[in-house]
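# Overview (structure and organization)
The lines below spell out each chain.
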Amino acid sequence: MKLRVLSYNIHKGFTIGNRAFILSEIRNALRDMNADILFLQEVLGDHEDKKCKIPDWATAIQFEYLADSVWPHFAYGKNAIYPGGHHGNAILSKFPIIDWSNTPLMTNNYEHRGLLKAKIEIPILEKEIILANTHLNLTQMGRNKQAKMIIESLGQDKDYPWILVGDFNDWNGKIARQIEKELGAKEVFKFLHGKYSPTFPSFKPLLSLDRAFTYKIIPVTATTLMDSHWRKLSDHLPLFIEIEIPD
C-alpha cells in the first residue's frame, strides 16, 4: 500500500519576511496535493494578538483550520509558549490516530523545540505505524543533543515501521548521517536521488534543511515542490514523498 506524505514548515502562515498572511492560500495548496499525511512545522496553536491585528486572520488554531473536512485526525505538539499564544508541530492524517505524545527537545532557553509522535492505524493492512515530526535548533551543538534524544525515542519503536520528518536545520548533513547510522533508517531523498534536497530559502533554495527518514518502510518517490506558487507561500519548500507499507 502506498501513502502520500507531505512535510512543510508553514512559517506560521506568513510569507518570507512576514510580509503577508496567506494561510488560506497554504490550505488550498496543501489540499491540491491530496496527501494522506501532513507533517507541519511552525504551526500556530493560538495567538490572540495577531488575531486582533490582522483583518483576514482565519483562525488562531491553524492545525484545525488546515485539517478541516480533509484530514479528520490530527495531533498538535505545543512547544513555544509566549504571551498571547503558542506554536509547534502538527500531524494531520486521513487514518485514525490511536496514540500520540510530544517530547520536549529543549537545549537552551531560546529555542523551544519538540518531537511529536503519533501512532496511526491503517485498517486495510491491519497495521500500525509511527509518525514523527520535529523542528531542530539552529546551532550544531543543540542539534547534536536533540539527535540523541530522537534516537533514544525512536529506538524504542523498533517493532513498528516509522517515518520521521521535519525541519532539521541540518544544512551539513551531520544529523542525517547520525540518524541513518544509529537507527538503521533511510533518508528518502539521499536514498532515491543520491543527495539531500535544497529547501531554503524558498525563492532560491540553496540549503538542505528539511529531512524525511523511513524505517521498515519503502521509499518510492521523493520530490521537493518547487513550482512558483510554493516559492511564495513560506520561507521553506515542502517535501512530498510516496512510501510503501509492506504487507
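Residue positions within a chain follow its written sequence, with the count starting from 1. At least 70 in pLDDT is required for a residue's local features to be given in this predicted model, at least 80 for side-chain atom pairs to be given and counted, and no such filter applies to totals for whole chains, interfaces and linings, which use all residues. Computation of side-chain values: all heavy atoms of the structure, hydrogens and water removed.

Helix and strand counts for the protein chain come out as seven helices and twelve strands. Based on the C-alpha atoms only, the size of the protein chain along its principal axes is roughly 50 × 40 × 35 Å. Any residue under 20% of the maximum accessible area for its type is buried, any over 50% is exposed, and the rest in between are partly exposed; the area is computed with a 1.4 Å probe on protein chains only. Looking at the protein chain as a whole, 57% of its 247 residues are labelled buried. Two residues qualify as a contact provided that any one of their heavy atoms is within 4.5 Å of a heavy atom in the partner residue. Long-range pairs, those at least 24 residues apart, make up 68% of the contacts in the protein chain between residues at least 6 apart in sequence. For every accessible area listed, the method is Shrake-Rupley and the probe measures 1.4 Å; residues are considered covered only by the protein chains on display. Just so you have it, the protein chain exposes about 10,900 Å², and 52% of that area is on carbon and sulfur atoms. The positive count covers Lys and Arg only, the negative count covers Asp and Glu only, and His and the chain ends enter neither. The location of each charge is read from NZ of Lys, CZ of Arg, CG of Asp or CD of Glu. Each charge class in the protein chain was averaged separately, 30 positive and 29 negative side chains, and the resulting centres sit 7 Å apart. In this description a helix means any DSSP run of H or I spanning at least four residues, a strand means any run of E spanning at least two, and both kinds are numbered starting from the N terminus.

Locating serine 208 in the fold gives a position in the loop between helix H6 (188-193) and strand E10 (210-215). Polar side-chain contacts of serine 208 include one of 3.2 Å to the backbone oxygen of serine 197. Excluding anything up to four places from it in sequence, serine 208 contacts Asp170, Trp171, Tyr196, Ser197, Pro198 and Thr199. What qualifies as a polar contact is a pair of N or O atoms within 3.5 Å, subject to a donor-acceptor requirement within protein and to the restriction that residues adjacent in sequence count only when both atoms come from side chains.

Along the chain, histidine 135 turns up in strand E7 (residues 127-135). Histidine 135 sits in the buried class, given a relative accessible area of 7%. At 3.3 Å, the side chain of histidine 135 forms a polar contact with the side chain of arginine 113. Of note is the side chain of histidine 135, whose polar atom sits 3.0 Å from the side chain of aspartate 167.

The next subject is the packing of helix H4 (residues 140-154) against helix H5 (residues 174-183). For helices, the fitted line uses only the C-alpha atoms of the stretch in contact; every axis is such a line through C-alpha atoms, and the angle between N-to-C directions lies from 0 to 180 degrees. Interaxial distance between H4 and H5 falls to 10 Å at its minimum, and their mutual angle equals 25°. Comparing their axes, H5 and H4 come out roughly parallel. As H4 runs across H5, the sense of the crossing is right-handed. Note on element contacts: H5 touches H4 through Lys174, Ile175, Gln178, Ile179, Glu182 and Leu183, opposite Gln140, Arg143, Asn144, Ala147, Lys148, Ile151 and Leu154. Just so you know how the angles are binned, under 35 degrees is roughly parallel, over 145 roughly antiparallel, 65 to 115 roughly perpendicular, and the rest oblique. By the definition used in this description, the sense in which the near helix is turned from the far one sets the handedness, with an anticlockwise turn below a right angle giving left-handed and a clockwise turn giving right-handed.

What follows concerns the sheet that holds strand E8 (residues 162-167). One open sheet holds the six strands; their spatial order is E5-E6-E7-E8-E10-E9, and the pairing between them is mixed. Two strands in the sheet have a free side with no partner beyond their single neighbour: strand E5 (97-104) and strand E9 (186-187). Strand pairing is assigned whenever DSSP identifies at least 2 bridges connecting the two strands. As paired elements, E7 and E8 share six bridges and run parallel to each other. Considered in E8, the bridge of threonine 134 is made with glycine 166.

This part takes up the nonpolar core. As used in this record, nonpolar core signifies buried Ala, Val, Leu, Ile, Met, Phe, Trp, Tyr and Cys residues forming a set joined through side-chain atoms within 4.5 Å. Core analysis: the largest hydrophobic core is formed by 28 residues, its most contacted members being Leu6, Tyr8, Leu30, Leu40, Leu92 and Trp230. At the level of elements, strand E1 (2-9), helix H1 (23-33), strand E2 (37-47), helix H3 (62-67) and strand E4 (85-93) are the ones that each hand at least two residues to this core. For this core, the leading source of residues is H1, giving five residues. Excluding its chain neighbours within four sequence positions, the residues that come into contact with leucine 92 are Asp36, Ile37, Leu38, Leu40, Phe63, Leu66, Ala67, Trp71, His73 and Phe74. In terms of nonpolar packing, the next biggest core, distinct from the first, is built from 25 residues, Ile37, Phe39, Ala118 and Ile163 among them.

Another point: a nonpolar patch on the surface. A surface patch of nonpolar side chains, amounting to about 350 Å² of accessible area, comprises Trp171, Leu206 and Leu207. With respect to the secondary-structure elements, leucine 206 resides in the loop between H6 and E10. Two distance rules govern patches: like charges are joined within 9 Å, and nonpolar side chains (Val, Leu, Ile, Met, Phe, Trp, Tyr) within 5 Å, applied only to residues with over 30% relative accessible area and no salt bridge. We define a salt bridge as a contact between a side-chain nitrogen of Lys or Arg and a carboxyl oxygen of Asp or Glu at a distance within 4 Å.

A few words now on H5. Of the residues making up H5, those classed as buried are Ile175, Ala176, Gln178, Ile179, Glu180 and Leu183. Positive backbone phi, at 65°, marks glycine 184, one or two positions downstream of H5.

In this section: the packing of aromatic side chains. Planes of paired rings set the category: under 30 degrees apart is stacked, over 60 is edge-to-face and the rest tilted, where pairs are Phe, Tyr or Trp rings (Trp by its six-membered ring) whose centres lie within 6.5 Å. Applying the stated criterion to the full structure yields six aromatic pairs. Ring geometry for phenylalanine 168 and phenylalanine 213: centres 5.5 Å apart, planes at 65°, overall edge-to-face. Placement of phenylalanine 168 in the loop between E8 and H5 and of phenylalanine 213 in strand E10 is noted, with a sequence separation of 45 residues between them. A ring is scored as having a charge over it whenever the NZ atom of a lysine or the CZ atom of an arginine sits within 6 Å of its centre and within 35 degrees of its normal. Above the face of the phenylalanine 191 ring, lysine 186 is positioned so that its terminal group lies 5.4 Å from the ring centre.

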